[in-house]
Number of protein chains: 2
Amino acid sequence: MLSQTAIYALRAIGYIAAQKNTHLVLAKVISEEMKIPKNFLSKILHKLAQKGFIESIRGTNGGFRLGKPAKEISLAQIVEIFMNIAPFQSCFLGIHSCQSCGITKKWDTISKQIMELLEGSTVDQIFPDIETKKKNAKQSNKKCKE
Amino acid sequence: MLSQTAIYALRAIGYIAAQKNTHLVLAKVISEEMKIPKNFLSKILHKLAQKGFIESIRGTNGGFRLGKPAKEISLAQIVEIFMNIAPFQSCFLGIHSCQSCGITKKWDTISKQIMELLEGSTVDQIFPDIETKKKNAKQSNKKCKE
DNA sequence: TTTTTAGTTGACAAACAGATGAATAAGTGT
DNA sequence: ACACTTATTCATCTGTTTGTCAACTAAAAA
């Protein structure tokens, strides 16, 4: 359905969005919490940073935060960086001549809903409940001036 | 969405089903008509034959035909031979702890429709209009006792 | 200035999907 | 018996995705 990489990307940016920008998030923490291989995640985050969806800060007390308001980042924008979403919109059987068959019609209805889900949802909806999750566990990081 | 192999399999068995069992279909013809690499198709057909969805007859005037009535073969039965359809039914983001979020709820609705499409459609619906397509072009095969 | 932290980058390996070619086995018709 | 046709099987190749390792760069702190 979604590629593994796209799923990782959504989980990662969803996790960052859930912090409500109150502090920077370490790649290491995202990796552990979201069960994403550390170095593979680094590359995903870098791509997201290139596109401006997140910002990266290097060095001590560095980390990642959103590059724009969460409500302005749709799932579709993230997914299409890491995979081709065109197949969702085209013929179920990869045949362009079967416009009229019942299967294709049903698929059209479904694919419209999928695109609506991807384009109509934003990254703050991914983890609506975990914004305070890591705050206490990471008291050791409280030194940083947030 | 569907793997390329699953799409090939649906096109192939759809083509065979469209012949209404009036005559055997050559792998070569399926390959050409359905734009599927010949040798790759052979392996797909072999798997379908193993599972009893089609029958293969070797030698001169051989070919393939359905192994059971078209209306008893659902798209889901074919697809699941060539790919894992579980992801359609599980969480959008591969996380089992987000039962309540709005995205997951919407995805549940969509995935139910996908499964309904796959399980509720049969292979005779794939190409409802081409049953006589190759009959005339293949008059040279008319020798066979059909 | 040195050390530590943390993101960046490139090389690479494993696994898989998709595709290809050639040899083989099993039937049919002469 | 023989030639021919057609499916079967095996070995291999390619490209992509996913994942790993390690060296590198930048920034802050000591």
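Cut-offs applied
- Residues numbered from 1 in each chain as written.
- Chains lettered and ligands numbered in written order.
- Predicted model: local features only at pLDDT ≥ 70, side-chain atom pairs only at ≥ 80, totals over all residues.
- Heavy atoms only, no water.
- Helix = DSSP H or I, 4+ residues; strand = E, 2+ residues; numbered from the N terminus.
- Buried < 20%, exposed > 50% of the residue type's maximum accessible area, 1.4 Å probe, protein only.
- Contact = heavy atoms within 4.5 Å.
- Pairing = 2+ DSSP bridges.
- Near = heavy atom within 4 Å.
- Polar contact = N/O pair within 3.5 Å; in protein donor to acceptor, adjacent residues only side chain to side chain.
- Nonpolar A, V, L, I, M, F, W, Y, C, P; charged D, E, K, R; others polar.
- Axes fitted to C-alpha atoms, helices over the stretch in contact; angles between N-to-C directions.
- Parallel < 35°, antiparallel > 145°, perpendicular 65-115°, else oblique.
- Left-handed = near helix turned anticlockwise from the far one by under 90°.
- Least-squares fit on C-alpha atoms with pLDDT ≥ 70 in both.
- Buried area = accessible area lost by both parts, 1.4 Å probe.
- Salt bridge = Lys/Arg side-chain N within 4 Å of Asp/Glu carboxyl O.
- Expected span 1.5 Å × (residues − 1).
- Arc of directions from axis to C-beta.

A. Layout of the environment of B:M83. All names here are of chain B. Locating M83 in the fold gives a position in the loop between α4 (75-82) and α5 (86-89). Looking at M83, the relative accessible area reads 17%, which means it is buried. It is 11 Å that separates the C-alpha atoms of M83 and A9, two residues lying 74 residues apart in sequence. Once you skip the residues sitting within four places of it in the chain, M83 turns out to touch M1, L2, S3, A6 and F88.

B. Quick look at the pairing of strand β1 (residues 54-57) of chain A. Residue and element names in this part refer to chain A. Pairing between β1 and strand β2 (residues 63-66): four bridges, direction antiparallel. When the bridges of β2 are listed, I54 appears paired with L66. In this antiparallel pair of consecutive strands, β1 and β2, the connection spans five residues, and G59 shows a positive phi of 80°.

C. Geometry of the protein's contact with DNA strand D. Near DNA strand D lie 26 residues; those nearest to it are A:T5, A:Y8, A:K43, A:R58 and B:H46. By atom count, sugar and phosphate contribute 68% of the portion of DNA strand D lying within 4 Å of the protein. The separation between a phosphate oxygen of DNA strand D and a polar main-chain atom of A:Q4 is 2.8 Å. For DNA strand D, a phosphate oxygen lies 2.8 Å from a polar atom in the side chain of B:S56. Among the secondary structure elements, those contributing two or more residues to the surface near DNA strand D are α1 (4-18) and α3 (38-50) of chain A together with α3 (38-50), β1 (54-57) and β2 (63-66) of chain B. For the surface near DNA strand D, the per-class residue count stands at seven nonpolar, 14 polar and five charged.

D. Just the packing of α3(A) against helix α4 (residues 75-82) of chain A, in detail. Residue and element names in this part refer to chain A. Orientation of α3 relative to α4, taken along the N-to-C sense of each, is 120°, at an axis distance of 11 Å. Taken together, the axes of α3 and α4 lie oblique to each other. Where α3 crosses over α4, the two elements pack in a sense that is right-handed. Of α4, the residues touching α3 (which contributes I44, K47 and L48) are I78, I81 and F82. Across the contact of α3 with α4, the residue classes break down as five nonpolar, no polar and one charged.

E. Just the relation of the copies chain B and chain A, in detail. Mapping chain B onto chain A calls for a screw motion: a turn of 179° about the axis and a shift of 0.1 Å along it, with 0.1 Å RMSD after fitting. The relationship between the two copies is best expressed as a two-fold rotation axis. For chain B, the smallest separation between a C-alpha atom and the rotation axis is recorded for B:M1, amounting to 2.5 Å. Residue by residue, 100% of the interface of chain B is reproduced at the interface of chain A, so both copies engage with the same surface.

F. Expanded view of the protein's contact with DNA strand C. Within the structure, DNA strand C sits among 25 residues, and A:H46, B:T5, B:Y8, B:K43 and B:R58 are positioned closest to it. If you look at DNA strand C and keep only atoms within 4 Å of the protein, 65% of those are sugar or phosphate atoms. Within the backbone of A:G59, one N or O atom sits 3.3 Å away from a sugar or linking oxygen of DNA strand C. Elements supplying a minimum of two residues to the surface near DNA strand C: α3, β1 and β2 of chain A together with α1 (4-18) and α3 of chain B. Its residues assigned to classes, the surface near DNA strand C comprises seven nonpolar, 13 polar and five charged.

G. Seen up close, the interface of chain B and chain A. Across the boundary between the two partners, chain B contributes 26 residues, which contact 26 residues of chain A. Carbon and sulfur atoms supply 78% of the area that chain B and chain A bury against each other, a total of about 2,500 Å² over both sides. Inspection of the region where chain B meets chain A yields zero salt bridges. For the pair chain B and chain A, the interface holds three residue pairs in polar contact (both at pLDDT 80 or more). Here the residues of the side of chain B that touches chain A are counted per class, giving 18 nonpolar, five polar and three charged.

H. Representation of the side chain of A:S31 within the structure. Residues and elements named next belong to chain A. For S31, the position within the fold is in helix α2 (residues 27-34). Reaching out from S31, the side chain makes a polar contact with the backbone oxygen of I36 at a distance of 2.8 Å. The contact partners of S31, leaving out residues within four places of it in the chain, are I36, P37, K38 and L41.

I. Representation of helix α6 (residues 102-120) of chain A within the structure. Helix length check: α6(A) (19 residues) gives 27 Å between terminal C-alpha atoms against 27 Å at 1.5 Å per residue, within 8%. Restricting attention to buried positions, one finds in α6(A) the residues A:I103, A:T104, A:W107, A:I110, A:S111, A:I114, A:M115, A:L117 and A:L118. Across the axial projection of α6(A), the buried residues extend over an arc of 155°, all falling on one side. Across α6(A) from its buried face, at more than 90 degrees, point the exposed residues A:K105, A:K112, A:E116, A:E119 and A:G120. Buried residues in α6(A) make contact with α4 and α5 (86-89) of chain A together with α4 and α6 (102-120) of chain B.

These figures come from the coordinates and say nothing about function on their own.
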